[in-house]
Amino acid sequence: MNIELSLISRVLQIAWRNPTIIPTFLRMEYRHRWGMSRDRRRHPGYSAPPTNLTVGLTYRCNLQCKMCRQWRRNGDIPKNHTWYDWHRELPVSVWASLLEQVAPFRPWLYLTGGETLIYPEFKQFVQEANLRGLKMHLQTNGTLLAGVAEFLVQAGVLTVSVSLDGPPEVHDHIRGVKGAFRRLAEGRIKLLFMPNLPEKFLSPYYLDLDYPFPQHCDVFWKTLRVLPDGTVSPCLNLKLGNIVTDSFTEIWNGPKM
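Residues numbered from 1 in each chain as written. Predicted model: local features only at pLDDT ≥ 70, side-chain atom pairs only at ≥ 80, totals over all residues. Heavy atoms only, no water.

1. Here's the deal with the overall build of the protein
Argument step 1. Across its full length, the protein holds 10 helices and five strands.
Argument step 2. Contacts spanning at least 24 positions in sequence make up 64% of the contacts within the protein whose residues lie at least 6 apart.
Argument step 3. A total of about 15300 Å² of accessible surface is found on the protein, and carbon and sulfur atoms cover 57% of it. (Helix = DSSP H or I, 4+ residues; strand = E, 2+ residues; numbered from the N terminus. Contact = heavy atoms within 4.5 Å. Areas by Shrake-Rupley, 256 points an atom, 1.4 Å probe, with all protein chains shown as cover.)

2. Quick notes on the sheet that holds strand S1 (residues 52-56)
Argument step 1. The strand order S4-S3-S2-S1-S5 describes an open sheet built from five strands, whose pairing is parallel. Either end of the sheet is taken by a strand with one partner, and the two such strands are strand S4 (159-162) and strand S5 (223-226). Across the sheet, the mean angle from the axis of one strand to that of its neighbour is 15°, orientation sign disregarded.
Argument step 2. As paired strands, strand S3 (residues 136-140) and S4 are joined by four bridges and run parallel to one another. Residue pairing in the sheet places Leu138 in a bridge with Val160 of S4.
Argument step 3. Helix-sheet contacts for helix H4 (residues 92-102) involve S1, strand S2 (108-112) and S5, and the interaxial angle to S1 is about 175°.
Argument step 4. Each of S1, S2 and S3 touches helix H5 (residues 122-131); the most contacted strand, S2, lies at about 175° to it. (Pairing = 2+ DSSP bridges. Axes fitted to C-alpha atoms, helices over the stretch in contact; angles between N-to-C directions.)

3. Focus on the packing of aromatic side chains
Argument step 1. Summed over all chains, the structure comprises six aromatic pairs.
Argument step 2. Geometrically, the ring pair formed by Phe201 and Tyr211 is edge-to-face, given 6.0 Å between the ring centres and 65° between the ring planes. Residue Phe201 is located in helix H8 (residues 199-207), and its partner Tyr211 is located in the loop between H8 and helix H9 (219-222); the two are separated by 10 residues in the primary sequence.
Argument step 3. The class for Phe201 is buried, based on a relative accessible area of 9%.
Argument step 4. Relative to Trp252, the ring of Phe248 lies with its centre 6.2 Å away and its plane at 15°, an arrangement referred to as stacked. (Phe/Tyr/Trp six-rings, centres within 6.5 Å; stacked < 30°, edge-to-face > 60°. Buried < 20%, exposed > 50% of the residue type's maximum accessible area, 1.4 Å probe, protein only.)

4. Focus on the pattern of salt bridges
Argument step 1. One pass over the full model with this rule turns up seven salt bridges.
Argument step 2. With its nearest N and O atoms 2.8 Å apart, the salt bridge here joins Arg132 to Glu100. In this pair, Arg132 sits in the loop between H5 and S3 while Glu100 sits in helix H4, placing the two residues 32 residues apart along the sequence.
Argument step 3. For Arg175, the salt bridge identified is with Asp165, shortest N-O distance 2.5 Å. With Arg175 in helix H7 (residues 168-175) and Asp165 in the loop between S4 and H7, the pair connects residues that are 10 residues apart, well separated along the chain.
Argument step 4. Via salt bridges that share partners, Glu100, Glu128 and Arg132 belong to a single interconnected network. (Salt bridge = Lys/Arg side-chain N within 4 Å of Asp/Glu carboxyl O.)

5. Things to note about the nonpolar core
Argument step 1. Core analysis: the largest hydrophobic core is formed by 34 residues, its most contacted members being Leu53, Trp95, Leu98, Leu109, Leu111, Phe122 and Phe125.
Argument step 2. Listing elements by their share of this core, those giving two or more residues are S1, H4, S2, H5, S3, helix H6 (149-155), S5 and helix H10 (248-252).
Argument step 3. Top contributing element to this core by residue count: H4, with five residues.
Argument step 4. Here Phe122 is in contact with Leu57, Leu111, Thr116, Leu117, Leu138, Phe151 and Leu152, once residues within four sequence places are set aside.
Argument step 5. Membership of the second largest hydrophobic core comes to five residues, among which are Ile14, Ala15, Trp108 and Leu158. (Core = buried A, V, L, I, M, F, W, Y, C linked by side-chain atoms within 4.5 Å.)

Following this line, the structure appears as structure tokens:
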């Protein structure tokens, strides 16, 4: 099944049980289908507020995945990669200030890491988001889910995604920790293949950084991505500001963006 249709179907199922997600979903659909192209044509250098807010709460993790850039690097933390330093993780009070600024346009929150559940104030963050009516998607490696599953349900976290790399021996080898597969939450899991690319693009996607893909990037028009130290970085090592010193509006439509 086409991944876009799968995601829409999933959101509709959630909306049936929780209608409060409908305004967020409708705005995401509008921006995806018409809003972004309209901004490009009519308002050069401007974009309406993002529909998605990606929050990297921590880069700490309890696994050692083969493909993770944290475990592949050697030596000290590079000076331009301050987000690797767990001492620089933001307190929940700073995140709450950002959530207050973005709450009026109700972006979908994507919580990620590292292993997101390692962030010491994770529950407080979720509560702050709930106070502002924001909807959340949690990305986790699944090894710590059992300890917070009841909280996630009670707190209204709408979706939880866990990456699965293959059968137990394959998953454990890639994740670098024996028993990682076994520790995943039990139950039926709906599978989506990401990236959902034609077969001819799979090798270039993973192995050829210079391959001229035909798809265009919409990240700058729909997603604000914030790293654990507050750095706003839409992609790779591009840094456009920091929520500790700059407001959302200064960053989102600022000259660097």
